[in-house]
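Next come the chains, spelled out residue by residue.
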Amino acid sequence: MLKHLLNLKDLPVNEILKILDRAKEFINGEKVNYDNKIIANLFFEPSTRTQNSFEAAEHRLGCKVITFNKSESSIQKGESLYDTVITFTQYVDAVVIRHNQNKYYEELINHTNIPIINAGDGSGNHPTQSLLDLLTIQQEFKHFEGLKIAIVGDIVHSRVASTNIEIMERLGMEVYLCAPPELQNQDKRFCELDDVISEVDIVMLLRVQHERHKKEISLTKEMYHQLYGLTIERYQRLKETAIIMHPAPVNRGVEIADCLVECDKSRIFKQMKNGLYIRKAVIERSLKEGV
Ligand code: CP
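Because the structure is a prediction, the values reported are computed rather than measured. (Residues numbered from 1 in each chain as written. Predicted model: local features only at pLDDT ≥ 70, side-chain atom pairs only at ≥ 80, totals over all residues. Heavy atoms only, no water.)

## Things to note about the site of the ligand
Thought 1: Taken together, the neighbourhood of the ligand is formed by Ser 47, Thr 48, Arg 49, Thr 50, Arg 98, His 126, Gln 129, Pro 247 and Ala 248.
Thought 2: Here an oxygen atom of the ligand and a backbone polar atom of Arg 49 are 3.0 Å apart.
Thought 3: Between Ala 248 and the ligand, the recorded distance is 2.9 Å, taken from a backbone N or O atom to a nitrogen atom.
Thought 4: For the ligand, the protein covers 90% of the area, taking 260 Å² as the surface of the free molecule.
Thought 5: Residue contributions to the shell around the ligand reach at least three from each of two domains, namely domain 1 (8-125 + 273-288) and domain 2 (127-268). (Near = heavy atom within 4 Å. Polar contact = N/O pair within 3.5 Å; in protein donor to acceptor, adjacent residues only side chain to side chain. Areas by Shrake-Rupley, 256 points an atom, 1.4 Å probe, with all protein chains shown as cover. Domains from an automatic or database assignment.)

Dropping the structure here:
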């Protein structure tokens, strides 16, 4: 059976913990060599961290890497996502895909003989981001059950939020959501950041995703920072042991005060480093049991 990674909803907790354990083995220096494997990275949306950490992970696993360039491809001649991906499945051993269409993979999975790794689908899922978030939390606290997290920002458009809410609740964490009313989901409960800031173990800030908005939000950057950002004042109310997370890219001075991005409590760059090891574990999982 192909070992796709499309979302975390379909993965049992023990499988998720296995991926975290394998990532930790890579952190501890585990060496492997998959120099007979070729991976293609198909990014139809911009990315700095996900695309480049996947590429670095593939190189570090010894794989050969093909980086698809949308603007120089036959997408420009009208070729569909389906035809592009099925073309790649003739050449390589696994594909990593990011696309702005929610669940783009559903039209592909019954027609591919190689694993698909989802690097983000619209506002749907971002499984490798959530895995690297979980690894960062596990390294810090050694457990998940009972931890309190505030996820703050553009919840309604965020694939990081939707993926994390599902898996964190499944792992026994208490998830508090904070967002301006215009960025809240109708079907979820929201609270005020100031009501929970001094109680949470983790505050996870999210970028306002202007590129997914149909109309501009009513708040200026300054208003957003005062009402929903991690200001110095809110930072001072955090628990001694609390940590700050953000999937990035960060808008410094908007969702978080500039000087807090690299403060002692911040794990933002650690998250990025963990992304490399999680993606090594995820690619290996697909290659070992994939074909
Ligand atoms: N966190 C994240 O997905 O970043 P990129 O969009 O830069 O890949």
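## So, the packing of helix H4 (residues 127-141) against helix H5 (residues 159-170)
To characterise two packed helices, one gives the angle between the axes of the helices and the distance between these axes.
Thought 1: The geometry of H4 relative to H5 is characterised by a closest axis approach of 9 Å and an angle of 55° between their N-to-C directions. Put simply, H4 runs oblique to H5. Between H4 and H5 the crossing geometry is right-handed. Between H4, through Pro 127, Gln 129, Ser 130, Asp 133, Leu 134 and Ile 137, and H5, the contact on the second element is made entirely by Val 160, Thr 163, Asn 164, Ile 167 and Met 168.
Thought 2: Along the lines of polarity and charge, the residues of the contact of H4 with H5 split into six nonpolar, four polar and one charged. (Axes fitted to C-alpha atoms, helices over the stretch in contact; angles between N-to-C directions. Helix = DSSP H or I, 4+ residues; strand = E, 2+ residues; numbered from the N terminus. Parallel < 35°, antiparallel > 145°, perpendicular 65-115°, else oblique. Left-handed = near helix turned anticlockwise from the far one by under 90°. Contact = heavy atoms within 4.5 Å. Nonpolar A, V, L, I, M, F, W, Y, C, P; charged D, E, K, R; others polar.)

## As for the environment of Gln 271
Thought 1: With respect to the helices and strands, the residue Gln 271 is situated in helix H9 (residues 268-290).
Thought 2: Residue classification places Gln 271 among the buried positions, given a relative accessible area of 2%.
Thought 3: With 25 residues separating them in the primary sequence, Gln 271 and His 246 have C-alpha atoms 8.1 Å apart.
Thought 4: Ignoring any residue separated from it by four or fewer positions in sequence, one finds Gln 271 in contact with Gln 129, Leu 132, Asp 133, Thr 136, Met 245, His 246 and Pro 247. (Buried < 20%, exposed > 50% of the residue type's maximum accessible area, 1.4 Å probe, protein only.)

## Comments concerning the nonpolar core
Thought 1: Ranked by size, the top nonpolar core spans 60 residues in total, and within it Leu 131, Ile 137, Ile 151, Ile 155, Ile 202 and Ile 278 carry the most contacts.
Thought 2: Apart from residues no more than four positions distant in its own chain, Ile 155 is found in contact with Ala 161, Ile 165, Leu 177, Cys 178, Ala 179, Leu 183, Asn 185, Phe 190 and Leu 206.
Thought 3: Core analysis: the next-biggest nonpolar cluster, separate from the first, contains 19 residues, Ala 150, Val 152, Val 261 and Ile 268 among them. (Core = buried A, V, L, I, M, F, W, Y, C linked by side-chain atoms within 4.5 Å.)

## Re the side chain of Arg 22
Thought 1: As for its placement among the helices and strands, Arg 22 is situated in helix H1 (residues 13-27).
Thought 2: A relative accessible area of 15% places Arg 22 in the buried class.
Thought 3: Polar side-chain contacts of Arg 22 include one of 2.5 Å to the side chain of Glu 25.
Thought 4: With sequence-adjacent residues up to four places away left out, Arg 22 is seen in contact with Glu 30, Val 32, Ala 281 and Glu 284.

## A few points about the packing of aromatic side chains
Thought 1: Enumeration over the complete set of coordinates arrives at five aromatic pairs.
Thought 2: For the pair Phe 88 and Tyr 91, a centre-to-centre distance of 6.4 Å together with 70° between the ring planes defines the contact as edge-to-face.
Thought 3: Seen in terms of ring centroids, Tyr 104 and Tyr 105 are 5.4 Å apart; in terms of plane orientation they differ by 75°. Their pairing is edge-to-face. Residue Tyr 104 shares its accessibility class with Tyr 105, and that shared class is buried.
Thought 4: The structure contains a cluster of three or more aromatic residues connected by ring pairs, namely Phe 44, Phe 68, Phe 88 and Tyr 91.
Thought 5: Of note, Arg 22 hangs over the ring of Phe 26, and the distance from its end group to the ring centre comes to 4.6 Å. (Phe/Tyr/Trp six-rings, centres within 6.5 Å; stacked < 30°, edge-to-face > 60°. Lys NZ or Arg CZ within 6 Å of the ring centre and 35° of its normal.)

## Focus on the sheet that holds strand E1 (residues 38-43)
Thought 1: On the basis of which strands lie adjacent, the open sheet formed by four strands has the order E2-E1-E3-E4 and parallel pairing. At either margin of the open sheet sits one strand with a lone partner, and together these are strand E2 (64-67) and strand E4 (116-121). Along the sheet, successive strands turn relative to each other by an average axial angle of 15°, direction set aside.
Thought 2: Here E1 pairs with E2 via four bridges, running parallel. (Pairing = 2+ DSSP bridges.)

## Regarding the domain arrangement of the protein chain
Thought 1: Split by domain assignment, the protein chain resolves into domain 1 (8-125 + 273-288) and domain 2 (127-268).
Thought 2: One C-alpha centre belongs to domain 1, the other to domain 2, and the line joining them spans 26 Å.
Thought 3: At the junction of domain 1 and domain 2, the tally comes to two salt bridges.
Thought 4: Glu 45 is paired through a salt bridge with Arg 212; the nearest N and O atoms lie 3.0 Å apart.
Thought 5: Taken together, the links from domain 1 to domain 2 amount to 10 residue pairs in polar contact (both at pLDDT 80 or more).
Thought 6: Contributions of two or more residues to the side of domain 1 that touches domain 2 are made by H1, helix H2 (49-60), strand E3 (94-99), E4 and H9.
Thought 7: A per-element tally of the side of domain 1 that touches domain 2 places H1 first, with eight residues.
Thought 8: Taken together, the residues that form the side of domain 1 that touches domain 2 break down as 13 nonpolar, 11 polar and seven charged. (Salt bridge = Lys/Arg side-chain N within 4 Å of Asp/Glu carboxyl O.)

## Quick word on the environment of Arg 207
Thought 1: Checked against the element boundaries, Arg 207 lands in the loop between strand E7 (202-205) and helix H7 (221-228).
Thought 2: Aside from chain neighbours lying at most four places away, what touches Arg 207 is Asp 154, His 246, Pro 249, Asn 251 and Glu 255.
Thought 3: Only 2.8 Å separates the side chain of Arg 207 from the side chain of Glu 211, close enough to count as a polar contact.

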